Amino acid sequence: MHHLASELAKRFSSQASIQDKKPIQVLVPQVGVVHDSACFSATAVNERVTIEPFLEGKYRKFVSNNGTVHDPTGVLSAMCHWTYHVSKGKLMLVDVQGVYSKTDGFVITDPAFHSEDGARFGELDLGVQGMQAFFAHHRCNHICARFRKPAAGGATWADCEATMRR
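Residues numbered from 1 in each chain as written. Predicted model: local features only at pLDDT ≥ 70, side-chain atom pairs only at ≥ 80, totals over all residues. Heavy atoms only, no water.

**Notes on the overall build of the protein**
- Across its full length, the protein carries four helices and eight strands.
- What you see in the protein, going N to C, is helices and strands ordered as α-β-β-β-β-α-β-β-β-β-α-α.
- Burial status across the protein gives 43% buried among its 166 residues.
- Look at the contacts in the protein between residues 6 or more apart in sequence, and 59% of them connect residues 24 or more apart.
- Of the roughly 9,500 Å² that the protein leaves accessible, carbon and sulfur atoms contribute 52%. (Helix = DSSP H or I, 4+ residues; strand = E, 2+ residues; numbered from the N terminus. Buried < 20%, exposed > 50% of the residue type's maximum accessible area, 1.4 Å probe, protein only. Contact = heavy atoms within 4.5 Å. Areas by Shrake-Rupley, 256 points an atom, 1.4 Å probe, with all protein chains shown as cover.)

**Notes on the packing of helix 1 (residues 2-15) against helix 2 (residues 75-86)**
- Between helix 1 and helix 2, the shortest axis-to-axis distance is 10 Å and the interhelical angle comes to 105°. Of the possible angle classes, the one that applies to helix 1 and helix 2 is roughly perpendicular. In this structure, helix 1 contributes Leu8, Ala9, Arg11, Phe12 and Gln15 to the contact, and helix 2 contributes Val75, Ala78, Met79, Trp82, Thr83 and Val86.
- Taken together, the residues that form the contact of helix 1 with helix 2 break down as eight nonpolar, two polar and one charged. (Axes fitted to C-alpha atoms, helices over the stretch in contact; angles between N-to-C directions. Parallel < 35°, antiparallel > 145°, perpendicular 65-115°, else oblique. Nonpolar A, V, L, I, M, F, W, Y, C, P; charged D, E, K, R; others polar.)

**Comments concerning the nonpolar core**
- Counting residues in hydrophobic clusters, the biggest one holds 31 residues, and the most contacted among them are Phe12, Ile24, Leu76 and Ile108.
- At the level of elements, helix 1, strand 1 (24-26), strand 4 (60-63), helix 2, strand 5 (91-94), strand 7 (105-109), strand 8 (112-115) and helix 3 (127-137) are the ones that each hand at least two residues to this core.
- Among the elements that line this core, the one with the most residues is helix 2, at seven residues. (Core = buried A, V, L, I, M, F, W, Y, C linked by side-chain atoms within 4.5 Å.)

**Observations regarding the packing of aromatic side chains**
- Counting across every chain of the model gives six aromatic pairs.
- Arranged with centres 5.7 Å apart and planes meeting at 90°, the rings of Phe62 and Phe106 form a pair that is edge-to-face. In this pair, Phe62 sits in strand 4 while Phe106 sits in strand 7, placing the two residues 44 residues apart along the sequence. For the pair formed by Phe62 and Phe106, the shared burial category is buried.
- Ring centres of Phe134 and Phe135 lie 5.0 Å apart, and the angle between their planes is 85°; on these two criteria the pair is classed as edge-to-face.
- The class of Phe135 is buried, set by a relative accessible area of 15%.
- These aromatic residues form a ring-pair network of at least three members: Phe62, Tyr100 and Phe106. (Phe/Tyr/Trp six-rings, centres within 6.5 Å; stacked < 30°, edge-to-face > 60°.)

**Here's the deal with unusual backbone geometry**
- The residue Asp95 is not glycine, and still its phi comes out positive at about 55°.
- As for its position among the elements, Asp95 is in the loop between strand 5 and strand 6 (96-101).
- Take Asp95: its relative accessible area is 5%, and that puts it in the buried class.

**Quick notes on the sheet that holds strand 1**
- Read from one edge to the other, the open sheet built from four strands follows the order 1-7-6-4, with strand pairing classed as mixed. The sheet is open, and its two borders are formed by strand 1 and strand 4, each paired with just one other strand. Strand after strand, the sheet turns through a mean of 40° between neighbouring axes, direction not considered.
- With three bridges joining them, strand 1 and strand 7 adopt parallel strand pairing. Within the sheet, the bridge partner assigned to Gln25 lies in strand 7 and is Val107. (Pairing = 2+ DSSP bridges.)

Shown next, in the form of structure tokens:
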């Protein structure tokens, strides 16, 4: 999933007409094996863990998997919209979180996807309902105004939260 998100972010960054082109990088975690564990640690020796570098800066959730959008630049929500567009509505990158810096641009970690059938990407994949919730909150901008959009649907962030609690 991280590799797919990383590849899509690279494609979006190279193709989109973003005014001051901020790079978007999706971290792909490494898998490690625990060799030693502190006595009060919940992590056991020989357990597999994922490892990512420490991110400098203010960590933010820009686009949630429940459809809420907090993206002051509009670039990351446009990227989520673009993934829906290029996949012809079959998937959408969501749960876009990480840091922004003037030198490195956006560095995103631990993304999720919604898929057409709601089953392809695990428990955070809220399917069409999640996509509809995103579009209920997303406001198109100069980057994504011409991209494909779903027919108006009724799902909201509250519907997504209820689905995730089940």
